[in-house]
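Given next are the chains, with one letter for each unit.
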Amino acid sequence: MSDTFFSGAPHWTWFIIPYFFIGGLAGGAYFLAALLDWFGRPDDRPVVRTGYDVAAVGAILSGLLLTIDLGQPLRFWHMLFQSANFPAIMFKGWSPISFGAWGILLFGLFAVLSALGARAEEGRLQMPALRAVGGMVRGGVAKLVAGIGGLIGLFIAGYTGILLSVTNRPIWADSPWLGALFVASGVSTGAATLILLSPRRGATERSLGWLSSFDARALVVELIVLIAFIVSLGSVNRVWVSVWGLLLLVGVVWFGILAPLRMHARRQPLASAAKLVLVGGFLLRLATMLASEGIDRYRVAVGL
Amino acid sequence: MPEPMGFFTDTTVCIGCKACEVACKEWNQLPARNGGVGELSGDSYDNTRKLDGIHWRHVRFIEQFKGPYDGRWLMMSDVCKHCVQAGCLEVCPTGAIIRTEFDTVVIQSDVCNGCRACIAACPFGVIDINPVSGTAQKCTLCYDRLKVGLEPACSKACPTDSIQFGAIAELRTRAHKRVDQLKAQGVKAELYGADPQGALGGLNSFYLLVDEPEVYGLPRHPQLPSRHLAKSSTFSAASAAVLGVLALVGLRKRRMDEMGGGGGGGGAGGQN
Ligand code: SF4
Ligand code: SF4
């Protein structure tokens, strides 16, 4: 039996699962938007602008979800500064929850700057203060902000999986692949979100076509990593003989990966495939989190 | 600087009286579960069942019965192991978990923000949230009592000296003698966590067991959570790099296609 079965569940459930999903897609969307900002064409701008908005809103929602989930929400800043020694920084480079807290803060900062810059570009900022900030994020500065922010976006998509691996819980700490899986899922759900939202901002067929073909590739990567993840679990795989296994197989693999891949291949409507990818991405977080959360150490100890 | 202090728990003399559980609750003013209304486990005479935020001591009953006349009870008073290399302390992002001058591991309740990373990091399932404080809590090895030269409430209350408190070096010597004594009587006795070269640099609360560790709900090879950090980060970075390259290749292909065949723009119109 894996030694992970003797640890306790941290009750990371109804705020953390949505956070993992939203953080992942926001990070993925920012990364793709930044990529198009750097290497795309002028007609990709609607996708770029949508990506920055998704990232900014996602970052704010992520911060809120994480804070509400704390047992003492007003002490959220204890993760950033030493509470007894303010303003000394609190940072542990070996603890994903610690460096992740800084990651979220930076992600939010860059995402909001990029989003303000994009809104200023469209002339959609009314408040003078915001207009002034947005006006500064243009040209080379905007590219630099997006470049760094996009990389932080990739980090945000993946660090949550690393965080789970750096525990002693069943499934999470039994495989080193969760971070890689969440990166792939984050980027593919980010692409799906952009496919769904950017037409409203005037995205062109060409941009959407690229997003769709990239999403198909990301789904293939996700499937390969998912297989590596399952293989690496070895005997722990017996935990999937449960409703969570069914969810993983039907919800994630079939509806979330294979069905949208088939739709992409057949050039079926983009939005339907994108919606399935989003559902699959959410169910991936749900299944991997709750399958482990449900394992109670004292029941394991008495052989139940 | 005081010597490293801790517990040696000789499970062979535990009678399951739960005096330690009660003494711990009383000294640390821990609330009752379920508002004090009794909850029966239904499958054991042990109704506490596990360590958590309001049970910092738990007397585990292991009921090994093959038939009505063939069986034995094993009893073990479980507690935080005050690991020399503590997983909880390693991950805690607020610095709430500290190592004291007695080499014990303590959570500062006024610093903890209830993120619960320590719960998942502890290999032994020791920590949980105390619903009254909203913070993570566990045994402090009676830090407040140690500071004024008192012994912890649990070991003080233990009527059989199953829980022994003292300097770790002395406790280890005593534990080895007891193992030899039991082995001479034909009892299969082993120490768990007494080896400073062993798992987690040794446990400052270690045990004498007469069955496999798993039987007592203890992992055979407890490890630090950070063991996966480098590998997991490398795989994640590799996955990110592959996706980045795929995206760039896709953009390049699109540009080449457009240069070759003249790309079409146009509004998104009927996307759906
Ligand atoms: S037993 Fe668990 S809670 Fe106690 S010090 Fe070790 S890791 Fe921390
Ligand atoms: S719950 Fe408290 S003690 Fe545990 S890791 Fe979080 S801040 Fe630290």
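Just so it is clear, the structure is predicted and the values come from calculations on it, not from any experiment. (Residues numbered from 1 in each chain as written. Chains lettered and ligands numbered in written order. Predicted model: local features only at pLDDT ≥ 70, side-chain atom pairs only at ≥ 80, totals over all residues. Heavy atoms only, no water.)

A few points about the site of ligand 2
Close to ligand 2 lie B:Cys92, B:Pro93, B:Thr94, B:Ile97, B:Ile107, B:Cys112, B:Asn113, B:Gly114, B:Cys115, B:Arg116, B:Cys118 and B:Ala136, which account for all nearby residues. Residue classes in the shell around ligand 2 are distributed as eight nonpolar, three polar and one charged. (Near = heavy atom within 4 Å. Nonpolar A, V, L, I, M, F, W, Y, C, P; charged D, E, K, R; others polar.)

Quick look at a nonpolar patch on the surface
Residues and elements named next belong to chain A. The grouping of Phe 15, Val 57, Ile 60, Leu 61, Leu 64, Ile 68 and Val 112 at the surface amounts to a nonpolar patch, some 580 Å² of accessible area in total. Looking at which element gives the most residues to the nonpolar patch, the answer is helix 2 (residues 45-69), with five residues. Looking at where Ile 60 falls in the secondary structure, it is placed in helix 2. (Patch = residues over 30% accessible without salt bridge, like charges linked within 9 Å, V, L, I, M, F, W, Y side chains within 5 Å. Areas by Shrake-Rupley, 256 points an atom, 1.4 Å probe, with all protein chains shown as cover. Salt bridge = Lys/Arg side-chain N within 4 Å of Asp/Glu carboxyl O. Helix = DSSP H or I, 4+ residues; strand = E, 2+ residues; numbered from the N terminus.)

A short note on the domain arrangement of chain B
Split by domain assignment, chain B resolves into domain 1 (5-223) and domain 2 (230-258). On a C-alpha basis, the centres of domain 1 of chain B and domain 2 of chain B stand 48 Å from each other. (Domains from an automatic or database assignment.)

Topic: the packing of helix 7 (residues 205-233) of chain A against helix 8 (residues 243-265) of chain A
Residues and elements named next belong to chain A. With their axes 9 Å apart at the nearest point, helix 7 and helix 8 run at an angle of 150 degrees to one another. In terms of orientation, helix 7 lies roughly antiparallel with respect to helix 8. Crossing handedness for the pair helix 7 and helix 8: left-handed. Contact with helix 7, carried on its side by Ser 212, Asp 215, Ala 216, Leu 219, Val 220, Glu 222, Leu 223, Leu 226 and Ile 230, involves Leu 248, Val 252, Val 253, Gly 256, Ile 257, Leu 258, Pro 260, Leu 261 and His 264 of helix 8 and no other residues of that element. Its residues assigned to classes, the contact of helix 7 with helix 8 comprises 13 nonpolar, three polar and two charged. (Axes fitted to C-alpha atoms, helices over the stretch in contact; angles between N-to-C directions. Parallel < 35°, antiparallel > 145°, perpendicular 65-115°, else oblique. Left-handed = near helix turned anticlockwise from the far one by under 90°. Contact = heavy atoms within 4.5 Å.)

So, the side chain of A:Arg285
Within the secondary structure, A:Arg285 is located in helix 9 (residues 270-293). Here A:Arg285 sits buried without a salt bridge, and the closest side chain of opposite charge, A:Glu222, lies 6.2 Å off (N-O distance). (Buried < 20%, exposed > 50% of the residue type's maximum accessible area, 1.4 Å probe, protein only. Lys, Arg positive; Asp, Glu negative; His and termini not counted.)

Remarks on the packing of helix 1 (residues 16-39) of chain A against helix 5 (residues 139-165) of chain A
Residues and elements named next belong to chain A. Where helix 1 contacts helix 5, the axes come no closer than 8 Å and their chain directions differ by 150 degrees. Relative to helix 5, the element helix 1 lies roughly antiparallel. Of the two possible hands of crossing, helix 1 and helix 5 adopt the one that is left-handed. Here the contact of helix 1 with helix 5 is built from residues that sort into 14 nonpolar, nine polar and two charged.

A closer look at the interface of chain B and chain A
Taken residue by residue, the interface counts 74 residues in chain B and 71 residues in chain A. For the pairing of chain B and chain A, the buried interface totals around 5,900 Å² over both sides, and the portion due to carbon and sulfur atoms is 57%. The largest share of the area that chain B buries against chain A comes from B:Arg116, B:Leu243 and B:Arg254, three residues that together contribute 11% of it. Run the count over chain B and chain A and you get four salt bridges. The partner of A:Asp44 in a salt bridge is B:Arg254, with the nearest N and O atoms 2.5 Å apart. Seen at the junction of chain B and chain A, the total is 31 residue pairs in polar contact (both at pLDDT 80 or more). In terms of residues, the side of chain B that touches chain A owes the most to one element, helix 7 (residues 229-261) of chain B, which gives 21 residues. Here the side of chain B that touches chain A is built from residues that sort into 31 nonpolar, 27 polar and 16 charged. (Buried area = accessible area lost by both parts, 1.4 Å probe. Polar contact = N/O pair within 3.5 Å; in protein donor to acceptor, adjacent residues only side chain to side chain.)

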